[in-house]
Amino acid sequence: MTVIDRSLGEARPIKLDASWKQVLGAEFDAGYMGELRQFLLNEKASGKRVFPPGDEIFNALNTTAFDNTKVVILGQDPYHGPNQAHGLCFSVKPGTALPPSLINIYKELQSDVGFEAPGHGCLNYWAEQGVLLLNAVLTVEAGRAASHQGAGWETFTDRIVQVLNEQKTGLVFILWGSYAQKKGAMIDRDKHLVLQSPHPSPLSASRGFFGNRHFSQANAYLEQQGKTAIDWQLP
């Protein structure tokens, strides 16, 4: 599927995996998506810089096919600094300094599964294995955290969570912090494993994120479901 993206003032083809096209294709013709597209056009027209770049906005869906999704990690907003966001929640481009939350994620991984920090913050290897790294809001204005909340992305990403919940079984949903937990309220706990804890932010990590052992719990559940465990060690 090719969606023509004019959100940043250019016509760019955005390729989505065929399995996502099957479950989400109609969303791109919905009224809210037209309003969202216009909002992003207006942001660009007013001289604002938007992250991530237009061809990386749907990177989570491009990298992790619907059919291959095994684990869903829900984030909130893209990073709003330069050369950080590239469409995968908590992940940053190679060569970018690690954000504080990702540093804490690495600490928990080390404690839980013996992870060794790779010297970068790109989580693409997880996404390629079936870990959907989904932010609730897929764009942000440079330097202004949460600036695109309420513009329409939440409706789109709610639909993603809904179709995963309804059409698949045996997924692991990892919900860190109250924002993700509220978004995950629709998930059927009888069909899927839901793991919840405080957010890995330095403001809350010591209140229950550290020691949650979500990564080993996710793998144990996947293996119980007859699925291949995630190799959390980043190359």
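1. Brief notes about the packing of helix 4 (residues 100-113) against helix 8 (residues 214-224)
Then comes step 1: Where helix 4 contacts helix 8, the axes come no closer than 8 Å and their chain directions differ by 55 degrees. By the angle between their axes, helix 4 is oblique relative to helix 8. Residues Ile105, Glu108, Leu109, Asp112 and Val113 of helix 4 form the contact with helix 8, whose own contacting residues are His214, Phe215 and Ser216.
Then comes step 2: Class assignment of the residues belonging to the contact of helix 4 with helix 8 gives a composition of 4 nonpolar, 2 polar and 2 charged.

2. A short note on the environment of alanine 151
Then comes step 1: Turning to its location among the elements, alanine 151 is positioned in the loop between strand 6 (140-141) and helix 6 (153-167).
Then comes step 2: Measuring from C-alpha to C-alpha, the distance between alanine 151 and glutamate 35 comes to 8.0 Å, with 116 residues separating the pair along the chain.
Then comes step 3: The residues contacting alanine 151, other than those within four sequence positions of it, are Leu36 and Phe39.

3. Quick word on empty space enclosed by the protein
Over the atoms, a rolling probe the size of a water molecule traces out where space has been left empty.
Then comes step 1: Counting across every chain of the model gives 2 cavities of 30 Å³ or more.
Then comes step 2: Within this model, the second largest cavity holds a volume of roughly 40 Å³.
Then comes step 3: If you go around the second largest cavity, the residues you meet are Ile57, Phe58, Asn59, Ala60, Leu61, Gly87, Leu134, Leu138 and Ile160.
Then comes step 4: Of the residues in the lining of the second largest cavity, the class split is 7 nonpolar, 2 polar and no charged.

4. Some words on the layout of surface pockets
Then comes step 1: Considered as a void within the structure, the largest pocket measures approximately 630 Å³ in volume.
Then comes step 2: Gln76, Asp77, Pro78, Tyr79 and His199 are the residues nearest the centre of the largest pocket, which is lined by 34 residues in total.
Then comes step 3: Taken together, the elements giving at least two residues each to the lining of the largest pocket come down to strand 4 (71-75), helix 4, strand 5 (131-135) and helix 7 (178-183).
Then comes step 4: Here the lining of the largest pocket gets 3 residues from one element, more than from any other, and that element is helix 7.

5. Describing the state of the cysteines
Put plainly, two cysteines are in a disulfide when a covalent bond ties their sulfur atoms together.
Then comes step 1: In total, this model carries 0 disulfides according to the counting rule given.
Then comes step 2: Looking at the unpaired cysteine 89, the closest cysteine sulfur is the one in cysteine 122, lying at 12 Å.
Then comes step 3: Under the relative-accessibility criterion, cysteine 89 is labelled buried at 1%.

6. Observations concerning the environment of leucine 24
Then comes step 1: As for its placement among the helices and strands, leucine 24 is situated in helix 1 (residues 18-24).
Then comes step 2: Along the chain, leucine 24 and isoleucine 160 lie 136 residues apart, while their C-alpha atoms are 7.5 Å from each other.
Then comes step 3: Sequence-distant contacts of leucine 24, that is, excluding residues within four places in its chain, are made with Leu61, Phe156, Arg159 and Ile160.

7. Notes on the nonpolar core
Then comes step 1: Membership of the largest hydrophobic core comes to 66 residues, with the highest contact counts inside it found for Trp20, Trp126 and Phe156.
Then comes step 2: For this core, the element with the highest residue contribution is helix 6, accounting for 6 residues.
Then comes step 3: If sequence neighbours within four positions are ignored, tryptophan 20 has contacts with Gly25, Leu61, Thr64, Ala65, Phe66, Thr69, Leu132, Ile160, Val163 and Leu164.

8. Here we look at the side chain of glutamine 84
Then comes step 1: Examined against the element boundaries, glutamine 84 turns out to sit in the loop between strand 4 and helix 4.
Then comes step 2: Given the relative accessible area of 18%, glutamine 84 is considered buried.

9. Some words on the pairing of strand 8 (residues 193-197)
Then comes step 1: Direction of pairing for strand 7 (residues 172-176) relative to strand 8: parallel, over a ladder of 5 bridges. Within the sheet, the bridge partner assigned to valine 172 lies in strand 8 and is leucine 193.
Then comes step 2: The parallel pair strand 7 and strand 8 is bridged by helix 7, and the resulting crossover is right-handed.

10. A short note on the packing of aromatic side chains
Then comes step 1: Per the stated rule, a full pass over the model turns up 14 aromatic pairs.
Then comes step 2: Here the aromatic rings of phenylalanine 58 and phenylalanine 156 are separated by 5.8 Å at their centres, their planes lie at 80 degrees, and the arrangement is edge-to-face. Taken together, the positions of phenylalanine 58 in the loop between strand 3 (50-51) and helix 3 (59-63) and phenylalanine 156 in helix 6 put the pair 98 residues apart, joining distant regions of the chain. Each member of the pair phenylalanine 58 and phenylalanine 156 is classed as buried.
Then comes step 3: Relative to tryptophan 232, the ring of tryptophan 126 has its centre 4.9 Å away and its plane inclined at 90 degrees; by these criteria the two rings are edge-to-face. Of this pair, tryptophan 126 sits in helix 5 (residues 124-128) while tryptophan 232 sits in the segment after helix 8, and the two are 106 residues apart along the sequence. Note on accessibility: tryptophan 126 and tryptophan 232 belong to one class, buried.
Then comes step 4: Through successive ring pairs, a cluster of aromatic residues spans Phe90, Trp126, Trp176, Phe209, Phe210, Phe215 and Trp232.
Then comes step 5: Here lysine 168 stacks its cationic end above the ring of phenylalanine 66, 5.1 Å away from the centre of that ring.

About the criteria used
Residues numbered from 1 in each chain as written. Predicted model: local features only at pLDDT ≥ 70, side-chain atom pairs only at ≥ 80, totals over all residues. Heavy atoms only, no water. Axes fitted to C-alpha atoms, helices over the stretch in contact; angles between N-to-C directions. Helix = DSSP H or I, 4+ residues; strand = E, 2+ residues; numbered from the N terminus. Parallel < 35°, antiparallel > 145°, perpendicular 65-115°, else oblique. Contact = heavy atoms within 4.5 Å. Nonpolar A, V, L, I, M, F, W, Y, C, P; charged D, E, K, R; others polar. 1 Å grid on protein atoms, 1.4 Å probe; cavity = no way out; pocket = protein on both sides within 12 Å on 5 of 7 lines; lining within 4 Å. Points joined across faces, edges and corners; volume = space filled by probe spheres on them. Disulfide = S-S within 2.5 Å. Buried < 20%, exposed > 50% of the residue type's maximum accessible area, 1.4 Å probe, protein only. Core = buried A, V, L, I, M, F, W, Y, C linked by side-chain atoms within 4.5 Å. Pairing = 2+ DSSP bridges. Right-handed = clockwise from strand over helix to strand, strands pointing away. Phe/Tyr/Trp six-rings, centres within 6.5 Å; stacked < 30°, edge-to-face > 60°. Lys NZ or Arg CZ within 6 Å of the ring centre and 35° of its normal.

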